[in-house]
Amino acid sequence: MSIMELRKVWGPAPLVAVSVGVFIRDEHGRVLLQRRGDDGLWGEPGGALEPGEDFLTGARRELLEETGLECPNLSLISLPEGLQSGRALYGRYPNGHEIYVVGMRAEGQLPSAALEHTAPDDSGETLELCWFTLDALPTLSSNANRASMNVLRARVGLPPLPLAPTPPPPPIANHLMDLRKLVGSRPLFSPGASVLVTDEAGRLLLLRHGHTRKWTLPGGGLEPGESFEQTAARELFEETGLTAARLEPLEMFAGPEFRFTYPNGDVVDYVSVLYRAHSVTGTLTPQDDEVSEVGWFGVDDLPGDGDLSGELIRANLRKWKEGQSTRP
């Protein structure tokens, strides 16, 4: 379901908005910003993904809708720079709707003359488009826009823009389950994180899910106000009792190939960051109600694809195996 459809049943209360921001630079290093139709302030083009959409497809669509432009060299920004998440990315629209932005950023370059050919759609989202230098930005619409501009400012040695204060996030609960009570089994985005934990022998920790009996990685869903990294740390501790001194983001997994249908018919579109855990401490203590078995697996003795919990985990393990093959 799209975020607009969710609003019809959820009301103005906070939702997690899986979104993409788009940085377009010109040959002078200026950034293209739009003056928004809802509050009259400025921000980079971008917006919420459509169900089943991947981030690059969403970035291209949003750029075309909001500017009328296409950028052939548009690409996703690598992690961690490209990630958006966390309590600071709270936003409240003029109509009272509250969101927490999570997702990715994309970037590309167009000539300054491209501004002469802009043609936003007739939705009213874009009032004006203009190039700005990073040291002379206009008043920005939200913390998400300020955080995005801070990524670019850091690259050229400029100080970060201050972020506005935000309210405390909702208590950790089960946001996705609360939505399910209102929308049934229809597809919902499920942002979250998975964690690679290895032992001294280089074996990978997998957990057998107590209900599906499939093998999976430590991980789970993001709650409103959490960052992807906070989600990874929380889920790792809840499911295993382990703590990592550092969590290294490796890759974002999102798109139609990561749609998953649970045995009860609930459909999710996973939007998941894979982390590698470093300097892990604690006693391995599987979560009673979710984990029926734990196992340590080498590259050559991983469970077969049919024993893994869906395409997301299969893709995560392929990423791990690729990393193992490149190590000396």
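In what follows, the structure referred to is the one given above.
All figures in this text were calculated on a predicted structure; none of them were measured in a lab. (Residues numbered from 1 in each chain as written. Predicted model: local features only at pLDDT ≥ 70, side-chain atom pairs only at ≥ 80, totals over all residues. Heavy atoms only, no water.)

A.B. asks: Just checking my understanding: could you explain the pattern of salt bridges for this structure?
C.D. replies: Side chains carrying opposite charge are able to pair once their charged atoms draw close together. Inspection of the entire model under this criterion finds 20 salt bridges. Among the salt bridges present, the one from D38 reaches R36, with a minimum N-O distance of 2.6 Å. Note that R155 and E81 form a salt bridge whose closest N and O atoms lie 3.0 Å from each other. With a gap of 74 residues between them, R155 in helix α3 (residues 143-155) and E81 in the loop between β5 (75-76) and β6 (83-84) connect regions that are remote in the sequence. (Salt bridge = Lys/Arg side-chain N within 4 Å of Asp/Glu carboxyl O. Helix = DSSP H or I, 4+ residues; strand = E, 2+ residues; numbered from the N terminus.)

A.B. asks: Mind showing me how you'd approach the side chain of T240 here?
C.D. replies: Mapped onto the elements of the fold, T240 is located in helix α5 (residues 228-240). A polar atom in the side chain of T240 sits 3.1 Å from the backbone nitrogen of L242. (Polar contact = N/O pair within 3.5 Å; in protein donor to acceptor, adjacent residues only side chain to side chain.)

A.B. asks: Hey, could you run me through α5 in this one?
C.D. replies: In an α-helix, one turn spans 3.6 residues, which is why side chains three or four residues apart end up on the same side. Taking 1.5 Å as the rise per residue, α5 with 13 residues should run 18 Å; its terminal C-alpha atoms sit 18 Å apart, in good agreement. Here α5 has its buried residues at F228, T231, A232, R234, E235, L236, E239 and T240. G241 occupies a position one or two residues after α5 and carries a positive phi of about 75°. (Expected span 1.5 Å × (residues − 1). Buried < 20%, exposed > 50% of the residue type's maximum accessible area, 1.4 Å probe, protein only.)

A.B. asks: Would you mind going over the packing of aromatic side chains with me for this structure?
C.D. replies: Aromatic ring pairs are reported here in terms of the distance separating the ring centres and the angle at which the planes meet. In the structure shown here, the tally under the stated rule is 6 aromatic pairs. Relative to F297, the ring of W215 has its centre 5.1 Å away and its plane inclined at 80°; by these criteria the two rings are edge-to-face. Taken together, the residues span a long stretch of sequence, with W215 in strand β12 (residues 215-216) and F297 in strand β16 (residues 291-297) at a distance of 82 residues. For W215, a relative accessible area of 6% corresponds to the buried category. Overall, the relative accessible area of 14% leaves F297 in the buried class. Ring geometry for F253 versus F258: centroids 5.8 Å apart, planes at 90°, classification edge-to-face. (Phe/Tyr/Trp six-rings, centres within 6.5 Å; stacked < 30°, edge-to-face > 60°.)

A.B. asks: So what exactly am I meant to see when it comes to the sheet that holds β12 here?
C.D. replies: For sheets, the rule is that strands pair by backbone hydrogen bonds, running either parallel or antiparallel. Spatial ordering of the open sheet is given by β12-β11-β16, a layout of 3 strands whose pairing is antiparallel. The sheet terminates laterally at β12 and β16, the two strands that pair on one side only. Across 2 bridges, strand β11 (residues 204-209) lies against β12 in antiparallel orientation. Its bridge partner lying in β12, R208 is registered against W215. (Pairing = 2+ DSSP bridges.)

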